[in-house]
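An overview of the molecular structure
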Amino acid sequence: MIDIKYITANLELVKEKTAKRGAEFDFDTLLRLDDERKKLIFEAEELKKKRNDFSKSFPLIKQQGGDVDAAQKEMKQVSERIAEMDRELTDIQERQRMMLLTLPNLVDDSLPLGRSEEDNVLYREWGAKPSLDFEAKPHWDIAENLKLVDFERGTKVAAARFSAYTGMGAKLERALINFMLDTQSSRGYTEVMTPFLVNAASMTGTGQLPKFEEDAFKCERDGLYLIPTAEVPVTNLYAGEILDESALPIKHCAYSPCFRREAGSHGKDVRGLIRQHQFNKVELVKLVKPEDGWAELELLLRDAENILQLLGIHYRVMTLSTGDIGFASAKTYDIEVWLPGQNCYREISSCSCFTDFQARRANIRFRKAGDKRLDFVYTLNGSGLAVGRTFLSVLENYQLPDGRVKVPEVLRPYLGGVEIIG
């Protein structure tokens, strides 16, 4: 959420940055509500002052034989008007708050200007595309031939775009999760395991609500949501708290299943393990001081990249354009892995700095040493990585001519020393 005071003081800048996203927003109504809010507050304060003055003067009126009934009647009317204005103020503030919850974060000036993913810019790349001397197969063929994933039975027990990992497929998925958690824990992240269901306040805190409610799986009876990413519960562990400066940065890694309807992606890249409604991810979350936010984003990106480097898989890092960046993010890097079986790059991780956008929504603040003033933290998050997409990356990049799959060396200890799957 963007501070209304910042918006009114920097209106043209906020409008410009919102337009760079290609987003539309009714600033006129927002500012009209803010003017009404300020006017009501001023008028209510004047009436409250009048009521307080009367309370002090009432004994004197009574003592001097003044018209007590008339004075009391007038003050009753004043009190009723104050109560009415308080109700009006509550309504205006709620309407204003709901508008602010739909206003996206301000994009950082370093982002490339653009309208879509076509305008994203290469930041860097690592390794070389694998040189296969045979026709590469896509992961869905490899997985089915080796009985690593049962797509049909996954659909049978749930619905389309749900899958069941089986045999060595289930072991490989679990090995990747443990490998990622162990690696990130060794790099200074504290592992946490959080609930996979969260309340509406948590979804609102990180920006999923109200804008993306149609993409969420909701348990109507309990008012809880299946998490779209561990970012939601991990960030909101600190909702409403005031942290000591000495506690920052806070760095967590967390495994969770993720649940997304992805309502707008029907028929788009849904074959195999792409765009599943349920998938596994190891998430990285940071809470940092504002002055450290951008440097911490670069470190977060390095930590996510490290996983692919250890696996020996070629990838590239893209800086997202103003038209492709997520609602809550001020700057995002996407890591895209090369898939020889599909002859294309696929996004496997997003690393974002949200500035104080999420912290304001979730009310996460910190106090600097020797300073009474409270500041909002900066929040960052990055998947390190989407496990299912790392799974399919291993299958496609380490496939052998006979259809089997070579296991990357770093994963062998997690698979009991297995070198070849199949």
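Criteria and thresholds
Residues numbered from 1 in each chain as written. Predicted model: local features only at pLDDT ≥ 70, side-chain atom pairs only at ≥ 80, totals over all residues. Heavy atoms only, no water. UniProt positions renumbered as here; feature names shortened; annotations may be inferred. Buried < 20%, exposed > 50% of the residue type's maximum accessible area, 1.4 Å probe, protein only. Helix = DSSP H or I, 4+ residues; strand = E, 2+ residues; numbered from the N terminus. Pairing = 2+ DSSP bridges. Domains from an automatic or database assignment. Salt bridge = Lys/Arg side-chain N within 4 Å of Asp/Glu carboxyl O.

Where an unreviewed UniProt entry is consulted, the chain appears under the name Serine--tRNA ligase, with the organism given as Geovibrio thiophilus. Regarding the chain, the UniProt comment filed under Pathway (unreviewed entry) reads as follows: "Aminoacyl-tRNA biosynthesis; selenocysteinyl-tRNA(Sec) biosynthesis; L-seryl-tRNA(Sec) from L-serine and tRNA(Sec): step 1/1." Its UniProt record gives the chain a comment under Subunit (unreviewed entry), which states: "Homodimer. The tRNA molecule binds across the dimer."

1. Structural notes on the pairing of strand E12 (residues 331-339)
Within E12, nine of the nine residues are buried, leaving the element largely enclosed by the surrounding structure. Going residue by residue along E12, you find Lys331, Tyr333, Ile335, Val337 and Leu339 tucked away on one face and Thr332, Asp334, Glu336 and Trp338 tucked away on the opposite face as well. Bridging between strand E11 (residues 315-319) and E12 involves five bridges; their strand directions are antiparallel. Note that in E12 the partner of Val317 across the bridge is Ile335. Across nine bridges, the pairing between E12 and strand E13 (residues 344-353) is antiparallel. The residue of E13 that forms the bridge with Thr332 is Ser352. Counting the residues in the hairpin turn of E12 and E13 gives four residues, including Asn343, whose phi is positive at 55°.

2. A short note on the domain arrangement of the chain
Size of an interface: often given as the accessible area lost when the parts come together. Segmenting the chain into domains produces domain 1 (26-102) and domain 2 (117-421). For domain 1 versus domain 2, the separation of C-alpha centres amounts to 50 Å.

3. Here we look at unusual backbone geometry
Residue Pro210 is reached from Leu209 by a cis peptide bond, and omega for that bond is 5°. Backbone torsion omega between Leu248 and Pro249 reads 0°, so that peptide bond is classified as cis. Its location among the elements puts Pro249 in the loop between strand E8 (242-244) and strand E9 (250-259). Phi angles above zero are rare outside glycine, and Arg275 is one such case at about 55°.

4. A word on the pattern of salt bridges
Within this structure, the stated rule accounts for 24 salt bridges. Residue Arg97 pairs with Glu94 through a salt bridge whose shortest N-O separation is 3.2 Å. Pair noted here: Arg97 and Glu94 are both in helix H4 (residues 68-100), with a separation of three residues, about one helical turn. The exposure class of Arg97 is partly exposed, given its relative accessible area of 36%. For Glu94, a relative accessible area of 36% gives the class partly exposed. The residue Asp375 makes a salt bridge to Arg373 at a minimum N-O spacing of 3.1 Å. Assessed through its relative accessible area of 47%, Arg373 is described here as partly exposed. Because the salt bridges share partners, they merge into one network encompassing Asp3, Asp356 and Arg360.

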